[in-house]
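Architecture and fold: a report
Listed below are the residues making up each chain.
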Amino acid sequence: MSPAEAKQQIEALSAELKQHTYNYYVLAMPTISDFDFDKKLETLAALEKQFPGFLDPDSPTQRVGGFITKEFQTVRHRWPMLSLGNTYNEQELLDFDQRIRKAIGDNFQYVCELKFDGLSMSLTYQNGKLIRAVTRGDGTQGDDVTTNVKTIQSIPKQLKHGDYPAEFEIRGEVFMHLKAFERLNQERVENGEQPYANPRNFASGTVKLQDSSEVAKRPLDCFLYFLYAERPPFKTHWESLQAVKSWGFHVNEHSRLCNTMDDVLAFIKEWDKRRFDLSYDIDGIVIKVNSYAQQEELGFTAKSPRWAISYKFKAEQVQTELLAVTYQVGRTGAVTPVANLKPVLLAGTTVKRATLHNANEMLRLDLHKGDWVFVEKGGEIIPKIIGVNMEKRVTGAPTIDYVTECPACATPLTRVEGEAAFYCPNDEGCPPQITGKIQHFIGRKAMNIDGLGDETIEALYQRGFIHHISDLYKLYEQIDDLKKMERFGEKSINNMLDGIEKSKQMPFEKVLFGLGIRYIGETVAKKLAVHFKNIDNLMAATLDELVVAEEIGDRIAHSIIEYFGNEHHREEIKKLKAAGLQFVAEEKEVVLQSEALAGKTFIISGTFEKSRDELKDIIEQNGGKILSSISAKLNYLVAGDNMGPSKLEKAQKLNIPIISDEELMGMIGG
Ligand code: IVH
């Protein structure tokens, strides 16, 4: 290779790897596998070695990787958060073992641990109290995410009595269990939000949320695996793991002390199989020299310790033929491409379909008709198309481009700026959107209508009985026509009509959720119902008034305003009201406990140890009143963590006293 060619390749590879690092750490949306990333990094390192003149100090080979996000405070790590060298086969592992033996002789032990696929976190404790949680960031400094991490149940906020050092740092991996991932991701789809590709992205997206009360609703867990202290009270890593466990930390139970390389290889072999039985994702095994003294002797390279290495499992990969790309249109109009594959066995299941996520992903894959594709199932649940086998591509095969028109109704698709998904804007006339919305409305979590299912909705729509939700409440007028429908007996019709009639008693919050307003999930619907009390108040609310409500940020507020700004939607609400549905929240009776706050008005903003609903109840039970927006009439702003700067500014401008939840409790003598 000529120096000019090498220079060009080094620059291209550097740029590509930097983009992948950014995708991984900042966007939490990697687009290549770890394996491919490491291979590219190795190629770059080899080139730089051969042509040292082109080595840029900012090259991806010279840094641990990672970026800092802007919203959180940046904190320097006292001990840098290094990464681990990776190995992918037995030989590379034996080479590692040889390097160790050469440096420290044969008298040592290894600790083998599972390599959890989450995001690493550094926790600092002083006198047993959790004082700071910081993400890895670029390895030297990371984001202070203490408020969010405090919501993780398995991380102790205060240690029980124990022999722990007065100050220490402990590192571990924050992750989401697969069950929770599937449930919450399903909820996201139901709320019209983009699902996460895997539990790791969900976990890292969660830790970086601005609203810690939202974090608290997404169950995360954390395995701790490394202790740092000025003078660690142990001689070995194994001892430290046992001690850390006794202090109350979640330490993984599968770690094993190994005396020989055979033990290590047996551990790897065992977990390459058993990993699919775990309730969380792992992507390999970490092998660490046990003795601290020997760890010190071995030391570090610029990026990773010499005394530890990871063995990455190979994601199971197969090749199969791409039969077609079809599209699903969701109830919100989002159009998702799906690859239909020639059925193939992969990690124990037959794979026929794989999601292609969105137009960007299709662009990346550059699929052609008749392509053979590589399908991978790593720790992840949904099979992924990794790439195309170019050797099998038929010359001249036409490309498969993302559709420009809705596959269901032929309306040209539109894209919201900054979003990956394309939408069909024809929400009034596009069949899957129409039926999808009604199916959402009758669903278990919304109106839970007995005697009606998705297929019946489909059939009723096909026969022209229903087009809008409100048409359900007119079905009783058409009993005779309904009876003419195939496989629709009198009994099922009566059951259905009974179910529809009963649904009129469902509470306002369920009706609101059932409307299917984008981003309004079950919890948000509940909060809106409590805050605004009835649909008229909600429909009349301004942006300022909306964002004052608990859990309502700009994105949700805009979505509500857009929804009720639509004439069709207002007309539909009118019809549903006329049909007798509940559009007023049931009032909770306030039992007055004192008059301490009588005549005083409050707004609660930000996050607290108690929920905002609890604080609101406390204020009302002591005679206080909650206002809906900041104005001169407001007496106090109760401010918690992560409060929006605009609210603070407005309150300051109006000279409104800003108090903490503790001060509020002080006012009622509690
Ligand atoms: S020890 C200096 N142990 O893997 C040693 N890391 O590729 C630092 N990881 O940044 C890490 N499971 O996020 C260690 N049992 C385990 C691990 C583990 C997962 C992650 C960690 C680290 C990355 C390195």
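Everything below is about the structure printed above this text.
A brief look at the structure comes next. (Residues numbered from 1 in each chain as written. Predicted model: local features only at pLDDT ≥ 70, side-chain atom pairs only at ≥ 80, totals over all residues. Heavy atoms only, no water.)

This paragraph deals with the packing of aromatic side chains. According to the stated counting rule, one finds 30 aromatic pairs in the structure shown. Pairing Phe51 with Phe54 gives two aromatic rings, centres 6.2 Å apart and planes at 25°, and the pair type is stacked. Its relative accessible area of 14% is what places Phe51 among the buried residues. Within the aromatic cluster, the residues linked to one another by ring pairs are Tyr125, Tyr164, Phe168, Phe234, Trp247 and Phe249. One Lys or Arg, Arg555, reaches over the ring of Tyr519 and ends 3.9 Å from the middle of that ring. (Phe/Tyr/Trp six-rings, centres within 6.5 Å; stacked < 30°, edge-to-face > 60°. Buried < 20%, exposed > 50% of the residue type's maximum accessible area, 1.4 Å probe, protein only. Lys NZ or Arg CZ within 6 Å of the ring centre and 35° of its normal.)

Next up on the list: unusual backbone geometry. Its identity is not glycine, yet Asn127 carries a phi of approximately 45°, on the positive side. Among the secondary structure elements, Asn127 is positioned in the loop between strand S4 (119–126) and strand S5 (129–135). The phi dihedral of Asn655 falls on the positive side, at around 60°, and the residue is not glycine. For Asn655, the location among the structural elements is in the loop between helix H23 (645–653) and strand S22 (658–659). (Helix = DSSP H or I, 4+ residues; strand = E, 2+ residues; numbered from the N terminus.)

Okay, the site of the ligand next. Taken together, Leu82, Leu84, Glu113, Leu114, Lys115, Phe116, Ser120, Glu173, Tyr225, Val286, Lys288 and Pro305 form the complete shell of residues around the ligand. Between the ligand and the protein, one listed contact pairs an oxygen atom with a side-chain N or O atom of Lys115 at 3.2 Å. The contact in question runs from an oxygen atom of the ligand to an N or O atom on the side chain of Tyr225, over 3.3 Å. Isolated, the ligand exposes 530 Å² of accessible area, and the fraction of that covered by the protein chains is 90%. When contributions to the shell around the ligand are tallied by element, the ones reaching two or more residues are strand S3 (110–116) and strand S10 (282–289). (Near = heavy atom within 4 Å. Polar contact = N/O pair within 3.5 Å; in protein donor to acceptor, adjacent residues only side chain to side chain. Areas by Shrake-Rupley, 256 points an atom, 1.4 Å probe, with all protein chains shown as cover.)

Attention shifts here to the pattern of salt bridges. Counted by the stated rule, this structure contains 25 salt bridges. With a closest N to O distance of 3.2 Å, Asp272 and Arg275 form a salt bridge. Here the salt bridges share partners, and the residues they tie into one network are Arg78, Glu167 and Glu230. (Salt bridge = Lys/Arg side-chain N within 4 Å of Asp/Glu carboxyl O.)

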